[in-house]
Amino acid sequence: MIWTLRTLFIAVVCLAFTGVLAASIWTIADKPSPVNLPQLLSENLDRSGVEHPVTAVLLNFRSYDTLLEIGVLVIAGIAGISMAKTATLEDPELRTSDSLLYALQRWFVPLMLVLAGYLLWAGSDRPGGAFQAGAVLAATGVLMRLGGIPMEFLRPGRLLRLGLALGFTVFLLVAVASAIGGEAFLAYPPGITKTLIVIIESVLTLSIAMVLLALFVSAPVNDAEDSEEGSSS
Amino acid sequence: MTAPLLYALVGAMLCGIGLFGLLRLSHLLRKLLAFNIMGSGVFLVMVGLPQHQGGQDPVPQALVLTGIVVAIAATALAIVLIRRYYHLSGMTSLEGETTSREGGPE
Amino acid sequence: MTEWLLDGLLVVALLVTAAAALLSRDLFRAVVVFIAFGLLMAVAWVRLQAPDIALAEAAIGAGLTGVLLLDAVSHLGSVSPRAQEKGGGGQ
């Protein structure tokens, strides 16, 4: 009985929340915005070094957000790894020995690697970029991990740490270097803007994929010796 | 009423649904699903509302792209934590919350 | 007209899958419905003229999140309803 009451109360609160949110959206929807962001963006697009507006925003106009984002990702990755048991990370044993999965992998892994590379390259002038490429790369890694392909670089050690921190470090170095060179923090020197963006995007792709993969791999597995009562399946 | 505004309003509703799930469900994985649905609602509002008048707007789109990647990292970290918690305590819901069957709705 | 129909259907499907993902009794089914929700979100981003987000959502929301959640379900929610009835309530 008390549960029904509680559910009812929660439902009413959530309905009220939704109503207030929808009403405020409805109210501000028709007010003219003080700045026309899309127009501002298209006027300044040729200064950004890339042709695709979303990439321009991500890596040039609002690159501060992206820098902080990769920082957050690195912290999440470190937290995930420190939570894992070392045995899980070092375990070279195959998690699945499914012959069908193995056969599928031989076709899919190269294809997905090519796709990730294409997405990274396409980001400069059409939809695509570091985030999508990083996600596809991480998915490739997950597929390889499930199929039991040993990946040395996921063991705790120098390679893993380097891969996790690479994107953030390079991004920060570029930012500080331009600040030392007399420009604003994170303002790329004119002329080599596109080169810098491509470099940063490549390392970002690597780091994002490494963080996501490390978080996937570091999830504790129910081992035989300390299995709980619920590990019957 | 334009299509982006419709999606923004649906985003608000998804927020409500997610909030309900977050408060009502006890299984931690279900809470995580609810949290993700709430996030999706926020993203829809963020992209839909500015596009109501001006058409395609790359600035909120780029911000939402960043947000999605952070959300998946948060989800992955939460799963690691939940599994660790399950390992240590053998429970799939937080203490003090009565567990119904699989933490789902009765 | 056709566009409104498409938008309407998509919106209804989004809300229904979101609610079903939370209210489903079986945890495994909930996760599968959630993956479907992620795919529908990708279509919604295309409708909102955001192909970048659609790409990311398709790769992340449907691919990575799905694998992560299914992996977690197979370890956490491994008590099947039948075993639970025997054990009288489970964990």
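Residues numbered from 1 in each chain as written. Chains lettered and ligands numbered in written order. Predicted model: local features only at pLDDT ≥ 70, side-chain atom pairs only at ≥ 80, totals over all residues. Heavy atoms only, no water.

(A) Structural detail: the environment of Leu160 of chain A. The residue Leu160 of chain A is located in helix α8 (residues 158-180) in this model. Measuring from C-alpha to C-alpha, the distance between Leu160 of chain A and Ile81 of chain A comes to 10.0 Å, with 79 residues separating the pair along the chain. (Helix = DSSP H or I, 4+ residues; strand = E, 2+ residues; numbered from the N terminus.)

(B) Seen up close, a nonpolar patch on the surface. Residue and element names in this part refer to chain A. Together, Tyr64, Leu68, Leu172, Val176, Ile180 and Phe185 line one region of the surface with nonpolar side chains, adding up to about 580 Å² of accessible area. Counting residues per element, the ones that place at least two in the nonpolar patch are α4 (63-83) and α8. Of the residues forming the nonpolar patch, the biggest block, three residues, is contributed by α8. Within the secondary structure, Tyr64 is located in helix α4. Since its relative accessible area comes to 47%, Tyr64 is described here as partly exposed. (Patch = residues over 30% accessible without salt bridge, like charges linked within 9 Å, V, L, I, M, F, W, Y side chains within 5 Å. Areas by Shrake-Rupley, 256 points an atom, 1.4 Å probe, with all protein chains shown as cover. Salt bridge = Lys/Arg side-chain N within 4 Å of Asp/Glu carboxyl O. Buried < 20%, exposed > 50% of the residue type's maximum accessible area, 1.4 Å probe, protein only.)

(C) Layout of the interface of chain C and chain B. Counting from both sides, the interface comprises 47 residues of chain C and, opposite them, 48 residues of chain B. Of the roughly 4,200 Å² buried between chain C and chain B on both sides combined, carbon and sulfur atoms contribute 73%. On the chain C side of the interface with chain B, the three residues burying the most area are Leu22, Leu48 and Leu76 of chain C, jointly 18% of the side's total. Among the salt bridges present, the one from Arg83 of chain B reaches Asp71 of chain C, with a minimum N-O distance of 3.2 Å. (Contact = heavy atoms within 4.5 Å. Buried area = accessible area lost by both parts, 1.4 Å probe.)

(D) Molecular detail of the confidence of the model for chain C. Residue and element names in this part refer to chain C. Of all residues in chain C, 84% attain a pLDDT of 70 or more, and the chain-wide mean is 82. Predicted confidence in chain C is weakest over helix α4 (residues 81-87), with a mean pLDDT of 38, and strongest over helix α2 (residues 27-47), with 93. Below a pLDDT of 50 lies the segment residues 79-91, which in the model reaches 15 contacts outside its immediate sequence neighbourhood of four places, other chains included. (pLDDT = per-residue confidence, 0-100.)

(E) Just the side chain of Thr55 of chain A, in detail. All names here are of chain A. By the element assignment, Thr55 lies in helix α3 (residues 53-61). For Thr55, a relative accessible area of 3% translates into the label buried. Only 2.6 Å separates the side chain of Thr55 from the backbone oxygen of Gly123, close enough to count as a polar contact. The residues touching Thr55, leaving out its near neighbours within four places in the chain, are Val50, Asn60, Gly123, Gly128 and Glu201. (Polar contact = N/O pair within 3.5 Å; in protein donor to acceptor, adjacent residues only side chain to side chain.)

(F) Just the pattern of salt bridges, in detail. Within the structure shown, the criterion is met by five salt bridges over all chains. Salt bridges here are not isolated pairs; linked through shared partners, they connect Glu3, Asp7 and Arg47 of chain C.

(G) Seen up close, helix α4 (residues 58-89) of chain B. Residue and element names in this part refer to chain B. Under the 1.5 Å per step criterion, the end-to-end length of α4 is 46 Å for 32 residues, consistent within 8% with the ideal 46 Å. Of all 32 residues in α4, 23 are buried; the element is thus mostly enclosed. The positive-phi residue at the C-terminal boundary of α4 is Gly90, with phi of around 75°. (Expected span 1.5 Å × (residues − 1).)

(H) Up close: the packing of α8 of chain A against helix α9 (residues 193-217) of chain A. Residues and elements named next belong to chain A. In the contact formed by α8 and α9, the axes pass within 8 Å of each other and the chain directions differ by 145°. Taken as a pair, α8 and α9 cross one another with a handedness that is left-handed. On α9, the residues touching Leu159, Leu160, Gly163, Leu164, Ala165, Leu166, Gly167, Val170, Phe171 and Val174 of α8 are Leu196, Ile199, Ile200, Val203, Leu204, Leu206, Ser207, Met210, Val211 and Ala214. For the contact of α8 with α9, the class distribution of residues is 17 nonpolar, three polar and no charged. (Axes fitted to C-alpha atoms, helices over the stretch in contact; angles between N-to-C directions. Left-handed = near helix turned anticlockwise from the far one by under 90°. Nonpolar A, V, L, I, M, F, W, Y, C, P; charged D, E, K, R; others polar.)

(I) Spotlight on the nonpolar core. Ranked by internal contacts, the top residues of the largest apolar core, which has 110 residues, are Phe171 of chain A, Leu29 of chain B together with Trp45 of chain C. Beyond its immediate chain neighbours, meaning those up to four positions away, Phe171 of chain A contacts Leu59, Ser63, Thr66, Leu67, Ile70, Leu186, Tyr188, Ile200 and Leu204 of chain A. By size, the runner-up hydrophobic cluster in this structure holds eight residues, among which are Leu5, Ala8, Ala12 and Val45 of chain B. (Core = buried A, V, L, I, M, F, W, Y, C linked by side-chain atoms within 4.5 Å.)

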